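Here's the letter readout for the chains.
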Amino acid sequence: MDTKEKKKKTGHSSFSQEEWDVRYDIIYNSLWIILKYLLLLSVIWYVIFLFIEQQNWYICLIKAVFAPGVLVVLTNLFVFFYERYHLPLNDGVILLILDIVVVLVLAADTWTHSLMMFSVLPLIFCLFLKYERLIYLQAVISLILMISHYLLVETDTKQELKASVLFHTSGILFDVFVFANMIFQIRKYTQMLDTQSTIDSLTRLHNHECFYEELDARIMEHQRNGQSLSILIADIDNFKKVNDTFGHAYGDKVLKALADIFTREAGKRCFVARYGGEEFAMIMNLNQSDALAKAQIIRKNFEHTKIATVSGQENSFTVSIGVAVYIPEYKTSSHFFDKADEALYRAKASGKNRVCLNKE
């Protein structure tokens, strides 16, 4: 296992921009969810307290908005430092932010113990972070916060108010609504992250890692039932010249055009991926002749596709394709792929814009 893999397992890897953005969205939306419900809860509590204790309305107002107000400041500081100074949202920073939020929420709970369970909120994020040591550390911190809240909560308020069904019910509902919304946010954005980790952002095809997962699964299926299995690898001819001549934005249009052809030709029996750069790959449950026919269709369609520049000039390009059919002698998916890659190399070497079959 290399250093990068070790770092990823311990939760200290350097994340992609998409992963940073997902973490930011989770924290940002969670802070506003907590703020919304905390403000509503504080207003309800302090309005009731105003009528029972007959205190000055402005004192009750200040008490009601103090914790939510500090939370607003914290949220805006979080946004400012992330956007301006690229605040690293590593695991420790996330838990620090959440523990500060927990303290603010518990500070607003001055009459009942209904919000003590809110202390375990950061543990939900520990499970999302999947870093075992942080779970134990946060469990200790959460326990300390709960005990501190129990000891520090005011005891000179009327006992009947502390035991009020309304107060306890509102506190429980606060916990339920916040936890439910937070879990929804985490699930929503982690699903987005899972999608981003398997889908190429430009072409919306599957990526390199997803391709090998599918290829391994198809090989296992072939070994069980003997179903035909073949792959093709396509590489756009002279693509560097395309970028150098027309620019990278136009090069992206060319990539999308080929991706669209692959998507149209895939059908239900084929799996398409952008393998990397200008290379595309397709896994097919087809025999040799059908696989070669599929490759020729892709090649011809791309050759006849006109792609317009900003000035309106239309250009067409070509693609070389290598095809390999699976045989038991291929011990791994990488071995199988290498055979298709060898066929692609021959297609390039023999003049480009053609399909070659690997001959084992």
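Residues numbered from 1 in each chain as written. Predicted model: local features only at pLDDT ≥ 70, side-chain atom pairs only at ≥ 80, totals over all residues. Heavy atoms only, no water.

Would you take a moment to explain the overall build of the chain for this structure?
In terms of regular secondary structure, the chain is built from 13 helices and seven strands. When each of the 360 residues of the chain is scored for burial, the buried share is 46%. Partitioning the intrachain contacts of the chain with sequence separation of at least 6 by distance along the chain shows that 71% fall at a separation of at least 24. Summing over all exposed atoms, the chain offers an accessible surface of approximately 19,300 Å²; the carbon and sulfur share of this is 59%. (Helix = DSSP H or I, 4+ residues; strand = E, 2+ residues; numbered from the N terminus. Buried < 20%, exposed > 50% of the residue type's maximum accessible area, 1.4 Å probe, protein only. Contact = heavy atoms within 4.5 Å. Areas by Shrake-Rupley, 256 points an atom, 1.4 Å probe, with all protein chains shown as cover.)

Would you take a moment to explain helix 6 (residues 132-152) for this structure?
A turn of α-helix holds 3.6 residues, and therefore any two residues three or four places apart point the same way. Over its 21 residues, helix 6 extends 31 Å from the first C-alpha to the last, a length consistent with the 30 Å expected when each residue adds 1.5 Å. Among all positions in helix 6, only Leu 134, Gln 138, Ser 142, Leu 145, Met 146 and His 149 are buried. Angularly, the buried residues of helix 6 cover 105 degrees about the axis, an arc narrow enough to put them on a single face. Projecting away from the buried face of helix 6 at angles above 90 degrees are the exposed residues Arg 133, Tyr 136, Leu 143, Tyr 150 and Leu 151. Residues of helix 6 that are buried make contact with helix 4 (91-108) and helix 5 (121-129). (Expected span 1.5 Å × (residues − 1). Arc of directions from axis to C-beta.)

Whenever I open this one, the confidence of the model for the chain confuses me. Can you help?
Atomic detail in the predicted coordinates should be set aside for any region of low pLDDT. Looking at the chain as a whole, its pLDDT mean stands at 83, while 86% of the residues score no less than 70. When the criterion is pLDDT under 50, residues 1-13 qualifies, and its contacts beyond four places in sequence or with other chains add up to eight contacts. Predicted confidence is poor over residues 155-160, with pLDDT under 50, and the contacts of this stretch with residues over four places away or in other chains come to six contacts. (pLDDT = per-residue confidence, 0-100.)

Even after reading the chapter, I still don't get the sheet that holds strand 7 (residues 355-357), so can you show me in this structure?
Hydrogen bonds along the backbone pair up the strands of a sheet, which may run parallel or antiparallel. One open sheet accounts for five strands, arranged 2-3-1-6-7; its pairing is mixed. Two strands bound the open sheet, and with one partner strand each, they are strand 2 (270-276) and strand 7. Taken over all neighbouring pairs, the strand axes of this sheet differ in orientation by 20 degrees on average, direction set aside. Pairing between strand 6 (residues 319-325) and strand 7: three bridges, direction parallel. Each residue of the ladder has a partner; that of Ile 321, found in strand 7, is Val 355. (Pairing = 2+ DSSP bridges. Axes fitted to C-alpha atoms, helices over the stretch in contact; angles between N-to-C directions.)

Mind showing me how you'd approach unusual backbone geometry here?
A positive phi angle is found at Arg 204, which is not glycine, with a value near 65 degrees. Within the element layout of this structure, Arg 204 appears in the loop between helix 8 (165-198) and helix 9 (208-225). You will see that Lys 352, though not glycine, has its phi angle at about 70 degrees, which is positive. Tracing the backbone through its elements, the reader meets Lys 352 in the loop between helix 13 (333-349) and strand 7. Residue Lys 352 is classed as partly exposed on the basis of its relative accessible area of 28%.

Sorry, what's going on with the pairing of strand 6 here?
The side chains of a regular strand alternate, residue by residue, between the two faces of the sheet. Burial analysis of strand 6 places six of its seven residues in the buried class, the great majority of the element. As defined by bridge partners, strand 1 (residues 230-236) adjoins strand 6 across seven bridges and the pair is classed as antiparallel. Bridge assignment links Ile 233 to a residue of strand 6, and that residue is Gly 322. Each parallel crossover has a hand, and the one from strand 6 via helix 13 to strand 7 is left-handed. (Right-handed = clockwise from strand over helix to strand, strands pointing away.)

Looking at this structure, how should I read helix 10 (residues 239-246)?
Residues Phe 239, Val 242 and Asn 243 constitute the buried set of helix 10. Take helix 10 and look down its axis: the buried residues cluster within an arc of 95 degrees, on one side only. Of the exposed residues in helix 10, those oriented more than 90 degrees away from the buried face are Lys 240, Lys 241, Asp 244 and Thr 245. A positive backbone phi angle near 100 degrees is found at Gly 247, which sits one or two residues after helix 10.

I keep staring at the packing of aromatic side chains and nothing clicks. Help me out?
In this description, an aromatic ring pair is defined by two values, namely the gap between the centres and the angle between the planes. The tally for this structure, following the rule as stated, stands at 22 aromatic pairs. Centre to centre, the rings of Phe 262 and Phe 280 are 5.7 Å apart; their planes meet at 20 degrees, and the pair counts as stacked. With Phe 262 in helix 11 (residues 248-266) and Phe 280 in strand 3 (residues 279-284), this residue pair connects regions lying 18 residues apart in the sequence. The class of Phe 262 is buried, set by a relative accessible area of 0%. On the basis of an interplanar angle of 20 degrees and a centroid distance of 4.3 Å, the ring pair of Tyr 275 and Phe 337 is categorised as stacked. Taken together, the positions of Tyr 275 in strand 2 and Phe 337 in helix 13 put the pair 62 residues apart, joining distant regions of the chain. The same class applies to Tyr 275 as to Phe 337, namely buried. Here a set of aromatic residues connected by ring pairs shows up, and it is made of Tyr 24, Tyr 28, Trp 32, Phe 78 and Tyr 82. (Phe/Tyr/Trp six-rings, centres within 6.5 Å; stacked < 30°, edge-to-face > 60°.)

How should I be thinking about the packing of helix 5 against helix 6 in this particular structure?
Helix-helix packing is characterised by the crossing angle of the two axes and by the distance between the axes. Where helix 5 meets helix 6, the closest approach of the two axes is 9 Å, and the angle between their N-to-C directions is 180 degrees. Between helix 5 and helix 6, the interaxial angle falls into the category roughly antiparallel. Between helix 5 and helix 6, the contacting residues are Pro 122, Leu 123, Cys 126, Leu 127 and Leu 129 on the first element and Leu 134, Ile 135, Gln 138, Ala 139 and Ser 142 on the second. For the contact of helix 5 with helix 6, a count of residues per class yields eight nonpolar, two polar and no charged. (Parallel < 35°, antiparallel > 145°, perpendicular 65-115°, else oblique. Nonpolar A, V, L, I, M, F, W, Y, C, P; charged D, E, K, R; others polar.)

So what exactly am I meant to see when it comes to the packing of helix 11 against helix 12 (residues 288-303) here?
Two numbers describe how helix 11 lies on helix 12: the axes approach to 10 Å, and their chain directions differ by 145 degrees. Note on packing geometry: the crossing formed by helix 11 with helix 12 is right-handed. Together, Val 254, Leu 258, Ile 261, Phe 262 and Glu 265 of helix 11 and Lys 294, Ile 297, Ile 298, Asn 301 and Phe 302 of helix 12 make up the contact between the two elements. By residue class, the composition of the contact of helix 11 with helix 12 is seven nonpolar, one polar and two charged. (Left-handed = near helix turned anticlockwise from the far one by under 90°.)

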